[in-house]
Amino acid sequence: MCGIVGFIGQEKASDVVIKGLERLEYRGYDSCGITFYNPNESKFVTNKTTGRVSKLLNENDYPDNNHLAIGHTRWATHGVANHSNTHPHYSMNDRFVIVHNGVIENHKELVFKYLPDYKFRSETDTEVIVNLIEKFSKELSVLEAIRKTISLLEGSYALLIIDTQDTDKLYAVKNKSPLLIGESDKGIILGSDVLAFVNYADNYYLLEDNSVITVEKINEKYNFEIFDTIGLKIEKPEKHPMDFVTDELDKAGFEHYMLKEISEQPAVVRKIMSEYMDGNDLKINYKVKSLFEGVNRVYILAAGTSYHAGLIGRVYFEEIAKIPTEVFIASEFAYNEPLIEPNSIFVLISQSGETADLRACLVNVREQGFKTLSITNVPTSTLAREADQTLNIYAGTEIAVASTKAYIGQIAVLAILSNCLSKQHSLDLVSEMSRAAVSMENIVDKRDYIEEVVQKTIKGDHCFYIGRGIDYFVSLEAALKLKEITYIHTDGLAAGELKHGPMALIEKDVPVIAIISQDHINNNTRSNLEEAKAREAKPLVISLDNTSKGNDEIVLMDVHRLLSPLVTIIPAQLIAYYKAIDLGVDIDKPRNLAKSATVE
Ligand code: F6R
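Calculation rules
- Residues numbered from 1 in each chain as written.
- Predicted model: local features only at pLDDT ≥ 70, side-chain atom pairs only at ≥ 80, totals over all residues.
- Heavy atoms only, no water.
- Domains from an automatic or database assignment.
- Contact = heavy atoms within 4.5 Å.
- Salt bridge = Lys/Arg side-chain N within 4 Å of Asp/Glu carboxyl O.
- Polar contact = N/O pair within 3.5 Å; in protein donor to acceptor, adjacent residues only side chain to side chain.
- Nonpolar A, V, L, I, M, F, W, Y, C, P; charged D, E, K, R; others polar.
- Core = buried A, V, L, I, M, F, W, Y, C linked by side-chain atoms within 4.5 Å.
- Buried < 20%, exposed > 50% of the residue type's maximum accessible area, 1.4 Å probe, protein only.
- Helix = DSSP H or I, 4+ residues; strand = E, 2+ residues; numbered from the N terminus.
- Pairing = 2+ DSSP bridges.
- Axes fitted to C-alpha atoms, helices over the stretch in contact; angles between N-to-C directions.
- Parallel < 35°, antiparallel > 145°, perpendicular 65-115°, else oblique.
- Left-handed = near helix turned anticlockwise from the far one by under 90°.

Peer 1: Before we move on, can you summarise the domain arrangement of the chain with the specific residues and values?
Peer 2: You can read the domains of the chain as domain 1 (3-244), domain 2 (250-427) and domain 3 (445-600). Here the C-alpha centre of domain 2 lies 32 Å away from the C-alpha centre of domain 1. Contacts between the two partners involve 11 residues from domain 1, matched on the other side by seven residues from domain 2. Our count for the domain 1 to domain 2 interface comes out at two salt bridges. With its nearest N and O atoms 3.9 Å apart, the salt bridge here joins Arg385 to Glu208. At the junction of domain 1 and domain 2, the tally comes to one residue pair in polar contact (both at pLDDT 80 or more). Of the residues belonging to the side of domain 1 that touches domain 2, the class tally is eight nonpolar, no polar and three charged.

And the structure:
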């Protein structure tokens with residue numbers, strides 16, 4: 001994870017980098033730091049904090065004429081979040097400064113073999129890189145020293161490197177961790193995500209793995225060049241305009257991004273319908289459709305919330321498209337591969353399109369010759385670019401760390417794709433999805449009521465969501481939302497499993513929330529809830545009009561039973577949100593997490 005930003009040019013570099021880091025805080029916020037060149041004192045200055053990026057700006061002075069800076073916002077992998085482990089890191093003799101996103105797996109071996117006499121100031125794997133560069137630069141040019149260093153590294157790394165002896169140059173490397181280049185008349189910016197470039201670049205470029213970049217002044221203008229690992233110059237990649245909807249990056253009057261993004265969910269469904277449906281015709285690219293020809297089995301791979309969307313995708317592929325489907329957690333599949341049916345396709349679901357566990361799977365299954373489709377929210381992401389085909393979920397930038405609208409987008413796209421692959425187009429998606437969007441809107445509008453329910457019901461340190469079938473899959477996601485933003489221990493359970501062990505945890509007033517949207521298992525789930533009530537649990541039911549009974553607390557407007565996840569998850573997202581408000585925790589940036597998991 002972690003976010004890195006660097007700038008060289010005619011703007012106040014520290015401002016560009018700090019603003020960029022603020023936009024990248026979603027990638028990690030354990031600590032952050034910046035190094036910039038102060039021309040007034042002819043020296044490099046480094047500021048670090050274990051607080052948020054805003055502190056870097058508010059608690060330090062930056063001269064207006066600083067033109068070169070690199071910065072980092074950290075999600076700790078090696079060493080706790082303290083000052084010395086915070087990037088940027090200097091080489092032992094202070095010649096080079098580096099920021100790094102990724103993990104160097106063989107860093108201990110490298111110290112043993114190449115740097116036995118070096119003194120280290122942190123516990124990070126990153127310091128090894130900067131010291132190797134310093135060591136090799138004694139006999140090689142800086143560029144050669146960087147190339148020699150990366151030839152020894154095993155792992156993932158996006159690097160920005162300053163040579164303190166050359167204040168008009170910036171170096172960068174990309175391998176397996178994301179890095180992009182932004183360009184304007186005023187300079188060159190490099191960063192982990194195009195979001196960091198907003199307001200500072202006119203165009204941006206995506207980089208391939210194993211790229212080494214130099215940025216320097218040529219004819220009064222900063223320019224970049226890209227080399228491969230053996231030093232051959234590579235042609236610049238395609239230039240993309242920065243046609244960003246910057247409104248998405250603001251809270252639009254909401255107190256938190258999470259609530260804004262929950263509220264946007266009906267619009268996401270409508271946007272997806274307009275992108276992929278033309279009346280009753282489906283506009284899924286024929287290349288995507290043809291990938292499924294002759295396929296006997298679908299394997300869905302994903303992590304976290306996207307995995308939960310994948311579980312619902314399995315129901316769609318099997319019930320609507322009639323293709324047997326299996327779903328795997330990416331980090332499990334990567335190292336414990338099952339026996340794979342030969343005529344299979346892999347569908348990789350990821351909001352960010354950068355999750356390292358998934359990338360490892362993608363590389364692996366492509367090497368084995370399988371067809372691949374990614375479903376992501378970022379069409380320029382690694383998974384979108386590297387899979388055979390990709391489908392955009394059009395959810396718009398999701399900023400809150402807890403995923404909400406991307407989950408909805410993934411489910412909607414999976415429903416449309418399955419229907420497109422179905423011989424009978426068995427779902428009347430136009431009316432069913434429109435109806436779902438209205439039902440979603442109803443519950444978002446009644447969110448004050450959910451706040452009241454939270455006050456009455458969600459108490460204590462434990463909570464359970466239960467459900468059967470598709471409701472069980474929603475329970476998993478509902479539980480993840482509550483635990484990740486409130487830190488209340490929450491499990492999502494198949495309702496019938498409660499009595500097989502977890503019931504031992506039920507005691508007075510432990511909330512047990514049942515999701516009941518399917519007629520055929522309505523009574524079964526209710527019986528399981530009764531069993532919990534008999535042990536003094538605090539019950540709460542989320543149902544639809546046609547599955548509701550008696551005093552159900554949260555009753556939602558009816559939708560097609562297969563589309564119920566689009567609706568039943570919303571009260572659960574709101575329960576998590578309002579409980580987090582009640583507890584006064586940082587809703588958009590929950591502790592220990594980051595939005596983009598770019599380490600395995
Ligand atoms: C939870 C959440 C995570 C992500 C997971 C995968 O709210 O957002 O569980 O779903 O880290 O990330 P993506 O979807 O970007 O691959």
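Peer 1: Run through the nonpolar core, naming residues and quoting values.
Peer 2: If you look at the biggest cluster of nonpolar residues, it comprises 127 residues, and the most contacted ones within it are Phe292, Tyr316, Phe317, Tyr465 and Ile575. By residue number, the principal contributor to this core is helix α13 (residues 405-421), which donates 12 residues. Listed in part, the 26 residues of the second largest apolar core include Ala145, Ile150, Tyr157 and Val173.

Peer 1: Residues and numbers for the sheet that holds strand β8 (residues 169-175), please.
Peer 2: As summarised here, the arrangement of the seven strands in space is β5-β6-β7-β8-β12-β13-β14, forming an open sheet in which the pairing is antiparallel. The open sheet is flanked by β5 (89-90) and β14 (233-234), the only strands paired with a single partner. Along the sheet, helix α4 (residues 126-137) makes contact with β5, β6 (96-104) and β7 (155-163), crossing β6 at roughly 130°.

Peer 1: Describe the packing of helix α3 (residues 107-114) against α4, naming the residues involved and giving the relevant values.
Peer 2: Where α3 contacts α4, the axes come no closer than 10 Å and their chain directions differ by 30°. By the criterion of interaxial angle, the relationship of α3 to α4 is roughly parallel. Along this stretch, α3 crosses α4, giving a crossing that reads as left-handed. Residues His107, Leu110, Val111 and Tyr114 of α3 pack against Val128, Leu132, Lys135 and Phe136 of α4. Residues belonging to the contact of α3 with α4 are distributed by class as follows: six nonpolar, one polar and one charged.

Peer 1: Outline the packing of α13 against helix α14 (residues 429-445), supporting the account with residue identities and numerical values.
Peer 2: Two elements in contact, α13 and α14, have axes separated by 12 Å at closest approach and are oriented at 165°. Relative to α14, the element α13 is oriented roughly antiparallel. α14 is crossed by α13, and the crossing has right-handed handedness. The segment α13 lies against α14, with Ile408, Ala412, Ala415, Ile416 and Asn419 engaging Leu429, Met433 and Met440. For the contact of α13 with α14, a count of residues per class yields seven nonpolar, one polar and no charged.

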